[in-house]
Amino acid sequence: MITTVTFDAGQTLIELDAAMLAARLGERGVATTAAALAAAQPAAWQRYEQLVAGGGHDQPWQVFMAALIAGATGVAADAAAALAAWLWTEQPRRNLWRRPVPGMIELVRELRAAGIAVGVLSNSEGHLAALFVEIGWGDEFAAVIDSGVVGVAKPDPRIFALTLAALGGAPATTVHVGDSRSADVDGARAAGWRAIWFGPAAVAAGPGDDPGVAVARDAAGVRAILAGWATSRA
Ligand SMILES: [Mg+2]
C-alpha cells in the first residue's frame, strides 16, 4: 500500500535547461552550445555526487556548475568558478533548472487523481515554490519542501520527517523518488521510507539487494514500480 509519494526536483522533475545556460554564458562572452553542455554533464554530476556523499562542502551547486562550464568550454578553472558564482547569484531570478523531465508531471497528476498525497522534497535555494508557479506547476503538489526554506537538507532525517508531517502518511507507506543515491535514496531509507532511484546513473548502478529500493530510468518505470508496491502487502 502507498499513501504518499514525494519527488526530488533537480534531475527528477526538472532538469538543467542547457540552451538557457548556453545563452547566459554567451552574455558573459563565453561561447558554447546546449549540446556541449549536455555532453559535459555526466562528469560534472559525478563531481557533485562525490561532494555530497563526502559532506562538508557548502557550495556543491557552484562546484558542479564550474565543472560543467570548464568541461564544456575549456575555460580555466578560476574563470569557470567565477561564472558559476555569478550564475548562483542569478538563480533566484533566472533559475536554470526549468526544463520538465519527460512524463513526470503527468505521473504526478495520475497519482493525485488516485488519491495519493504528492509532494516535492528538494535540496534547493529557497525559491522552488516560486519557480513552480512560474512554469505553471503552482497547484500540482500538496507540499513543496525546500531545504533553502526549512534550513535542513537531505539526507538529514529531519527534512524527511518535516515532509511527512506536511503530507500525512506513515514512513512504511511513503515512497521518495530521486536521482541522488546519497541524498535521495540513503536519506529516504534512513527515514524508513521506500525509495525509487531515478535516472541513468541509477540504472547503471542497479538497486543492490535492498528490497526497499528500486531503480527507474524514466516516468514509465516509476509508474510501474509504484503500481507494484501499491498492490503488495508490504
Ligand atoms: Mg536531484
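Residues numbered from 1 in each chain as written. Predicted model: local features only at pLDDT ≥ 70, side-chain atom pairs only at ≥ 80, totals over all residues. Heavy atoms only, no water.

### Considering the coordination of the magnesium ion
Phase 1: Within the protein, the atoms that donate to the magnesium ion are Asp8 (OD), Gly10 (O) and Asp179 (OD), at distances of 2.1 Å.
Phase 2: Sequence spacing of the donors to the magnesium ion: D-x1-G-x168-D.
Phase 3: For Gly10, a relative accessible area of 24% puts it in the partly exposed group. (Donors = N, O, S within 2.8 Å, 3.2 Å for Na, K, Ca; no water. Buried < 20%, exposed > 50% of the residue type's maximum accessible area, 1.4 Å probe, protein only.)

### Things to note about the packing of helix α5 (residues 104-113) against helix α11 (residues 219-231)
Phase 1: Between α5 and α11, the shortest axis-to-axis distance is 9 Å and the interhelical angle comes to 25°. Accordingly, the angle class assigned to the pair α5 and α11 is roughly parallel. Relative to α11, the crossing made by α5 is right-handed. Along the contact surface, α5 presents Met104, Leu107, Glu110 and Leu111, while α11 presents Ala219, Val222, Arg223 and Leu226.
Phase 2: Across the contact of α5 with α11, the residue classes tally to 6 nonpolar, no polar and 2 charged. (Axes fitted to C-alpha atoms, helices over the stretch in contact; angles between N-to-C directions. Helix = DSSP H or I, 4+ residues; strand = E, 2+ residues; numbered from the N terminus. Parallel < 35°, antiparallel > 145°, perpendicular 65-115°, else oblique. Left-handed = near helix turned anticlockwise from the far one by under 90°. Contact = heavy atoms within 4.5 Å. Nonpolar A, V, L, I, M, F, W, Y, C, P; charged D, E, K, R; others polar.)

### A few points about the domain arrangement of the protein chain
Interfaces are often described in size by the accessible area the parts lose on coming together.
Phase 1: When its domains are assigned, the protein chain resolves into domain 1 (4-14 + 98-231) and domain 2 (18-95).
Phase 2: Between domain 1 and domain 2, the C-alpha centre-to-centre distance is 24 Å.
Phase 3: Counting from both sides, the interface comprises 8 residues of domain 1 and, opposite them, 12 residues of domain 2.
Phase 4: Summing both partners gives a buried area of about 900 Å² for domain 1 against domain 2, and 49% of it is carried by carbon and sulfur.
Phase 5: Summed over the shared surface of domain 1 and domain 2, the result is 1 residue pair in polar contact (both at pLDDT 80 or more).
Phase 6: Considered class by class, the residues forming the side of domain 1 that touches domain 2 number 1 nonpolar, 4 polar and 3 charged. (Domains from an automatic or database assignment. Buried area = accessible area lost by both parts, 1.4 Å probe. Polar contact = N/O pair within 3.5 Å; in protein donor to acceptor, adjacent residues only side chain to side chain.)

### Thoughts on helix α8 (residues 157-167)
Phase 1: Restricting attention to buried positions, one finds in α8 the residues Ile159, Phe160, Thr163, Leu164 and Leu167. When α8 is viewed along its axis, its buried side chains cluster within an angular range of 140° and face the same direction. Exposed residues pointing more than 90 degrees away from the buried face of α8 are listed as Arg158 and Ala165.
Phase 2: The inward-facing, buried residues of α8 contact β1 (4-7), β4 (117-122), β5 (143-146), α7 (147-150), β6 (174-178) and α9 (181-190). (Arc of directions from axis to C-beta.)

### Topic: the nonpolar core
One broad rule of soluble globular proteins: the nonpolar side chains tend to lie buried together.
Phase 1: Ranked by internal contacts, the top residues of the largest apolar core, which has 57 residues, are Phe7 and Met65.
Phase 2: For this core, the leading source of residues is helix α3 (residues 60-73), giving 7 residues.
Phase 3: Here this core spans two domains, and each of domain 1 (4-14 + 98-231) and domain 2 (18-95) adds at least three residues to it.
Phase 4: If we ignore the near neighbours within four places in the chain, the residues touching Met65 are Leu21, Ala84, Leu87, Leu96 and Trp97.
Phase 5: Counting residues in each nonpolar core, the second largest holds 17 residues, with Leu121, Ala143, Leu167 and Ala195 among its members. (Core = buried A, V, L, I, M, F, W, Y, C linked by side-chain atoms within 4.5 Å.)

### What about α9?
Phase 1: Within α9, burial applies to Ser182, Ala183, Asp184, Val185, Gly187 and Ala188.
Phase 2: Buried residues along α9 sit against α2 (34-54), α8, β6, β7 (194-198) and β8 (213-216).
Phase 3: Looking one or two places after α9, you find Gly192, whose phi comes out positive at around 90°.

### Observations regarding the packing of aromatic side chains
Phase 1: Scanning the entire structure with this criterion turns up 10 aromatic pairs.
Phase 2: When the ring of Trp45 is compared with that of Tyr48, the centres are 5.3 Å apart and the planes differ by 90°; the resulting orientation is edge-to-face. Of the two residues, Trp45 and Tyr48 are both situated in helix α2; the distance of 3 residues between them amounts to about one turn of the helix.
Phase 3: Judged by centre distance (6.0 Å) and plane angle (55°), the rings of Trp61 and Trp97 are tilted. Taken together, the positions of Trp61 in helix α3 and Trp97 in strand β3 (residues 97-100) put the pair 36 residues apart, joining distant regions of the chain. (Phe/Tyr/Trp six-rings, centres within 6.5 Å; stacked < 30°, edge-to-face > 60°.)

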